[in-house]
Amino acid sequence: MNEITIIKPDDWHLHFRDQDMLFETVPATARCFERAVVMPNLVPPVTTAALALSYKERILAARPAGSTFMPVMTIYLTDKTSVQDIKDAKKAGVLAAKMYPAGATTNSDSGVNSLESLYPVFEALADNGMLLLIHGEVTQKHIDIFDREKEFIDQHMVKIVERVPHLKVVFEHITTKEAADFVLSAREGVAATITPQHLLLNRNDMLDGGIRPHNYCLPVLKRSTHQQALRAVVKSGSPRFFLGTDSAPHAKHRKESDCGCAGCYSAWSALELYTQVFDELDALDKLEGFASFYGADFYGLPRNTETVTLVRESWEVPSNITLPNGELHCAVFCW
Ligand code: DOR
Ligand code: ZN
């Protein structure tokens, strides 16, 4: 098959950043995604309805002329988030709240320290029909970085899902067989996003023969058995797994550094990379569900009606992008 037409996809997890950067990231995503769930880890973070609404305006102003692209806004949970914050967010049209354990990843310093005290907020999310989006990694430094997702399931995820049975939970950017198995066997209302890099790469692609900082993201790439487990669940066509790129741009000098930051900017190539994975798996018939249906269904939003056509041809993805201010950004990961 050299050409495939599918309903236009959505990206259920990405990082647009802010200000001038939006004029790079928003068109890149609007190129082939109709909607995107926008992560709130700005500095300072998007913690309230008012901040989410003004961020949304800045995103809309960065759309290319004629684009119908729509951001789906989220707020960032902190130790101080209140039930009233959730009610206000609901009123403002915010669909979801993102929970970062404090210190788990880029710009998560204001994240949650005491998960236990957030249960009233989780209840409020459920009562208001909003989703809880979780960065599922523990932050205890003595826990091996490759085990932090599994530990989060055991320490927290099981409890959250059981104690708030009417809450819709998205386990974001899963990277392990344990996470895939957890989602597959969880109650109704639990789903996961999967990034292109975690389907295409494993930790050898980051560490074998030299360190490749462009492939460093969080949760970190795992061993190939986990990559294979993720590939198996997308090939299965389970509606619990859908597209979320976690596209996250960083300046080149910050990624290629003695303490390089986490994140892969994949917006310019993500849909093509996912398509490559499904093609390799001989499962192109499952691409549309993963990319265009299951996320919308889980969020309770209408499916898109426009289509996109992908054509098989060789294509060199640029490795760097220069912003109008001259700053160089790494464009993709290496594979
Ligand atoms: O690799 C990552 N980069 N993981 C995250 O969770 C955050 C993201 C970012 O904001 O750069
Ligand atoms: Zn993310």
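Above this note sits the structure.
The rules behind each value
Residues numbered from 1 in each chain as written. Chains lettered and ligands numbered in written order. Predicted model: local features only at pLDDT ≥ 70, side-chain atom pairs only at ≥ 80, totals over all residues. Heavy atoms only, no water. Helix = DSSP H or I, 4+ residues; strand = E, 2+ residues; numbered from the N terminus. Buried < 20%, exposed > 50% of the residue type's maximum accessible area, 1.4 Å probe, protein only. Contact = heavy atoms within 4.5 Å. Areas by Shrake-Rupley, 256 points an atom, 1.4 Å probe, with all protein chains shown as cover. Lys, Arg positive; Asp, Glu negative; His and termini not counted. Charge placed at Lys NZ, Arg CZ, Asp CG, Glu CD. Core = buried A, V, L, I, M, F, W, Y, C linked by side-chain atoms within 4.5 Å. Near = heavy atom within 4 Å. Polar contact = N/O pair within 3.5 Å; in protein donor to acceptor, adjacent residues only side chain to side chain. Nonpolar A, V, L, I, M, F, W, Y, C, P; charged D, E, K, R; others polar. Donors = N, O, S within 2.8 Å, 3.2 Å for Na, K, Ca; no water.

1. Things to note about the overall build of the chain
Phase 1 of the analysis: A tally of helices and strands in the chain yields twelve helices and twelve strands.
Phase 2 of the analysis: Counting only C-alpha atoms and orienting by the principal axes, one finds that the chain spans roughly 50 × 45 × 40 Å.
Phase 3 of the analysis: Relative to its 335 residues, the chain shows a buried fraction of 57%.
Phase 4 of the analysis: Contacts in the chain between residues far apart in sequence, at least 24 positions, make up 72% of those at least 6 positions apart.
Phase 5 of the analysis: Split by element, the accessible area of the chain, about 13700 Å² in all, is 52% carbon and sulfur.
Phase 6 of the analysis: In the chain, 33 positive and 42 negative side-chain charges are present, and the distance between their average locations comes to 3 Å.

2. A few points about unusual backbone geometry
Phase 1 of the analysis: With omega at -5 degrees, the peptide bond leading from Val-43 into Pro-44 counts as cis.
Phase 2 of the analysis: Mapped onto the elements of the fold, Pro-44 is located in the loop between strand 3 (35-38) and helix 2 (49-61).
Phase 3 of the analysis: Look at the link from Leu-218 to Pro-219: it is a cis peptide, with omega at -5 degrees.
Phase 4 of the analysis: Topologically, Pro-219 is positioned in the loop between helix 8 (204-207) and helix 9 (224-236).
Phase 5 of the analysis: Unlike most non-glycine residues, Arg-17 shows phi in positive territory, near 65 degrees.
Phase 6 of the analysis: Phi angles above zero are rare outside glycine, and Asp-282 is one such case at about 55 degrees.
Phase 7 of the analysis: By the element assignment, Asp-282 lies in the loop between helix 11 (270-280) and helix 12 (287-299).

3. Re the nonpolar core
Phase 1 of the analysis: One finds Leu-77 and Phe-122 to be the most contacted residues of the largest nonpolar core, which totals 85 residues.
Phase 2 of the analysis: Apart from residues lying up to four places away in sequence, Phe-122 is in contact with Leu-77, Leu-115, Leu-132, Ile-160, Val-164 and Leu-167.
Phase 3 of the analysis: Membership of the second largest hydrophobic core comes to 18 residues, among which are Tyr-76, Leu-131, Leu-133 and Ala-191.

4. Details of the site of ligand 1
Phase 1 of the analysis: Neighbouring ligand 1 are 14 residues, the closest being Arg-17, Asn-41, Thr-105, Leu-218 and His-250.
Phase 2 of the analysis: Interatomic distance of 2.8 Å between a backbone N/O atom of Leu-218 and a nitrogen atom of ligand 1.
Phase 3 of the analysis: Burial of ligand 1 by the protein chains amounts to 100% of its free accessible area of 290 Å².
Phase 4 of the analysis: Classifying every residue of the shell around ligand 1 by side-chain character gives four nonpolar, eight polar and two charged.

5. Here's the deal with the coordination of the zinc ion (ligand 2)
Phase 1 of the analysis: Coordination sphere of the zinc ion (ligand 2), protein contribution only: His-13 (NE2), His-15 (NE2) and Asp-246 (OD), at 2.0 to 2.1 Å.
Phase 2 of the analysis: Here the donor residues of the zinc ion (ligand 2) share one chain and are spaced in sequence as H-x1-H-x230-D. One end of the pair, His-13, is in strand 2 (residues 11-14); the other, Asp-246, is in the loop between strand 9 (241-243) and helix 10 (252-255), with 233 residues separating them in the sequence.
Phase 3 of the analysis: The class for His-13 is buried, based on a relative accessible area of 1%.

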